[in-house]
Amino acid sequence: MFELGSTRSAHRRNHLLHTPDAFVRTPLPRLERGVAIVHASPAGGAGFTQYTVELEAGGVLGASGLMGVERFCYVVSGAVDLSSDAVFRGLGVGGYAYVPAEVGHAFTASEAAVLQVIERPFTPLDGVEGPRMVVGREGDVAGAALGGDEDLIVRALMPGGFEYDFAVNTMTYAPGAALSQVEVHVMEHGLMMLEGGGIYRLGDAWSPVTGVYFIWMGPYCPQWFGAIGKRAAKYLIYKDFNRHPLG
Ligand code: UGY
Ligand code: MN
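Every value quoted in this text rests on a predicted model; they were computed, and no experiment measured them. (Residues numbered from 1 in each chain as written. Chains lettered and ligands numbered in written order. Predicted model: local features only at pLDDT ≥ 70, side-chain atom pairs only at ≥ 80, totals over all residues. Heavy atoms only, no water.)

## Let's talk about the overall build of the chain
Consideration 1: Helix and strand counts for the chain stand at zero helices and 18 strands.
Consideration 2: Against the globule reference of 18 Å for 247 residues, the chain gives a C-alpha radius of gyration of 17 Å, in line with a compact fold.
Consideration 3: If you line up the chain on its principal axes, its C-alpha atoms span 50 × 45 × 35 Å.
Consideration 4: Buried positions account for 49% of the 247 residues belonging to the chain.
Consideration 5: Counted over contacts in the chain with a minimum sequence separation of 6, partners at least 24 positions apart contribute 68%.
Consideration 6: In the structure as shown, the chain presents an accessible area of about 11,800 Å², 57% of it carried by carbon and sulfur atoms. (Helix = DSSP H or I, 4+ residues; strand = E, 2+ residues; numbered from the N terminus. Rg over C-alpha atoms; globule rule 2.2 N^0.38 Å. Buried < 20%, exposed > 50% of the residue type's maximum accessible area, 1.4 Å probe, protein only. Contact = heavy atoms within 4.5 Å. Areas by Shrake-Rupley, 256 points an atom, 1.4 Å probe, with all protein chains shown as cover.)

So this is what it looks like as structure tokens:
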């Protein structure tokens, strides 16, 4: 709908709220029969990229071809097959994969599919072996109660070892559950709402979030979320992790 130029989308120095009315679809190299909505990128202040990929049945997302860039993919709807040295068929909703830098691969939609894709330059650590490919399903990951709060369940999709330099979690809030503190931390976040909604504090702004809203939080962006409504709220959240702030 034509909203006379108004939107809740806002790009500030240390955060972006990206709402669906403002999404612009674009082609990308090595993306066939599909389009991308780029949410987070270095151009917008982030140290990583995060984008939504919408694939037709038979559409393909190939490796980025960028040197030293690792990738994480999460299936939001539909299903894809991942081919690399091995083939992983039928990654449906909640399926995910981590592909280390320089590993050839392609995601092919076995039916129309929507993916969240996160990419970043990998930061190796001296004396630590390189990371391995990870393929999993969120439903198989045990949840942990954040700070002992059974109404706020975190599922860590990436392994926690120092081979890996980022984390991707899902966080599921029972209706009325909230973060127990306003967080201010050096790590960045890319966040995609998956279910339900609530109020997000970003810096000095409190915003209603729901649907497929995306948020980028830069380092030290004050942040807090409380779930509102009669059903659970859930989001997928990226953060840089396991590395010294000086690199
Ligand atoms: O992992 C986190 O920093 C997470 N608790 N942040 C957030 O949900 N905004
Ligand atoms: Mn946080």
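## Brief notes about unusual backbone geometry
Consideration 1: Here Arg33, not a glycine, exhibits a phi torsion of approximately 55°, which is positive.
Consideration 2: Residue position: Arg33 is located in strand E3 (residues 31–40).
Consideration 3: Phi at Glu102 is positive, roughly 65°, even though this residue is not glycine.
Consideration 4: Turning to its location among the elements, Glu102 is positioned in the loop between strand E7 (95–99) and strand E8 (106–121).
Consideration 5: Relative accessible area serves as the criterion here: at 51%, Glu102 is assigned to the exposed category.

## Structural notes on the coordination of the manganese ion (ligand 2)
Consideration 1: Looking at the metal site, the manganese ion (ligand 2) is ligated by Glu183 (OE), His185 (NE2), His189 (NE2) and Gln223 (OE1), spaced 2.1 to 2.3 Å from it.
Consideration 2: Its six donor atoms give the manganese ion (ligand 2) angles of 76 to 175° at the centre, a pattern that matches the octahedral case.
Consideration 3: Site description for the manganese ion (ligand 2): donor spacing in sequence, E-x1-H-x3-H-x33-Q. Exposure class is identical for His185 and His189. Each is buried. (Donors = N, O, S within 2.8 Å, 3.2 Å for Na, K, Ca; no water. Tetrahedral: all angles 85-135°; square planar, octahedral: opposite > 155°, others 65-115°.)

## Things to note about the sheet that holds strand E12 (residues 166–173)
By way of backbone hydrogen bonds, the strands of a sheet pair with one another, either parallel or antiparallel.
Consideration 1: Taken in spatial order, the eight strands line up as E1-E2-E16-E13-E18-E12-E11-E10 in an open sheet, and their pairing is antiparallel. What marks the edges here is a single partner per strand, and that holds for strand E1 (10–11) and strand E10 (144–146).
Consideration 2: Pairing between strand E13 (residues 189–195) and strand E18 (residues 233–240): six bridges, direction antiparallel. When the bridges of E18 are listed, Met192 appears paired with Leu236. (Pairing = 2+ DSSP bridges.)

## What to know about the domain arrangement of the chain
Consideration 1: Partitioning the chain into structural domains gives domain 1 (23–137) and domain 2 (139–240).
Consideration 2: On a C-alpha basis, the centroid separation for the pair domain 1 and domain 2 is 21 Å.
Consideration 3: Taken together, the contacts link 30 residues of domain 1 with 26 residues of domain 2.
Consideration 4: Summed over both partners, the interface of domain 1 with domain 2 comes to about 2,200 Å²; 70% of that surface belongs to carbon and sulfur atoms.
Consideration 5: Counting across the interface, domain 1 meets domain 2 through one salt bridge.
Consideration 6: Notably, a salt bridge pairs Asp165 with Arg120, separated by 3.1 Å at the nearest N-O pair.
Consideration 7: Only E3, strand E4 (49–62), strand E5 (69–83), E7, E8 and strand E9 (134–137) provide two or more residues apiece to the side of domain 1 that touches domain 2.
Consideration 8: Class assignment of the residues belonging to the side of domain 1 that touches domain 2 gives a composition of 16 nonpolar, nine polar and five charged. (Domains from an automatic or database assignment. Buried area = accessible area lost by both parts, 1.4 Å probe. Salt bridge = Lys/Arg side-chain N within 4 Å of Asp/Glu carboxyl O. Nonpolar A, V, L, I, M, F, W, Y, C, P; charged D, E, K, R; others polar.)

## Side note on the site of ligand 1
Consideration 1: Around ligand 1, the neighbouring residues are Met171, Leu179, Glu183, His185, His189, Tyr200, Gln223, Tyr235, Ile237 and Lys239.
Consideration 2: Taking Glu183, its side chain carries an N or O atom lying 2.7 Å from a nitrogen atom of ligand 1.
Consideration 3: With respect to ligand 1, the side chain of Gln223 contributes an N or O atom lying 2.8 Å from a nitrogen atom.
Consideration 4: Relative to its free-state accessible area of 270 Å², ligand 1 is covered by the protein chains to the extent of 93%.
Consideration 5: A per-element tally of the shell around ligand 1 places E18 first, with three residues.
Consideration 6: Here the residues of the shell around ligand 1 sort into five nonpolar, three polar and two charged. (Near = heavy atom within 4 Å. Polar contact = N/O pair within 3.5 Å; in protein donor to acceptor, adjacent residues only side chain to side chain.)

## Description of the packing of aromatic side chains
Consideration 1: In the structure shown here, the tally under the stated rule is eleven aromatic pairs.
Consideration 2: Arranged with centres 5.5 Å apart and planes meeting at 75°, the rings of Tyr98 and Tyr164 form a pair that is edge-to-face. Of this pair, Tyr98 sits in strand E7 while Tyr164 is found in the loop between strand E11 (149–156) and E12, placing the two residues 66 residues apart along the sequence.
Consideration 3: In this structure Tyr98 comes out as buried when scored by relative accessible area, which is 0%.
Consideration 4: With a relative accessible area of 6%, Tyr164 lands in the buried category.
Consideration 5: Arranged with centres 5.8 Å apart and planes meeting at 50°, the rings of Tyr200 and Tyr235 form a pair that is tilted. Of this pair, Tyr200 sits in strand E14 (residues 198–202) while Tyr235 is found in strand E18, placing the two residues 35 residues apart along the sequence. Summarising the burial analysis for this pair, Tyr200 and Tyr235 share the class buried.
Consideration 6: Counting every residue linked through ring pairs, the aromatic cluster contains Phe48, Phe72, Tyr96, Tyr98, Tyr164, Phe166 and Tyr238. (Phe/Tyr/Trp six-rings, centres within 6.5 Å; stacked < 30°, edge-to-face > 60°.)

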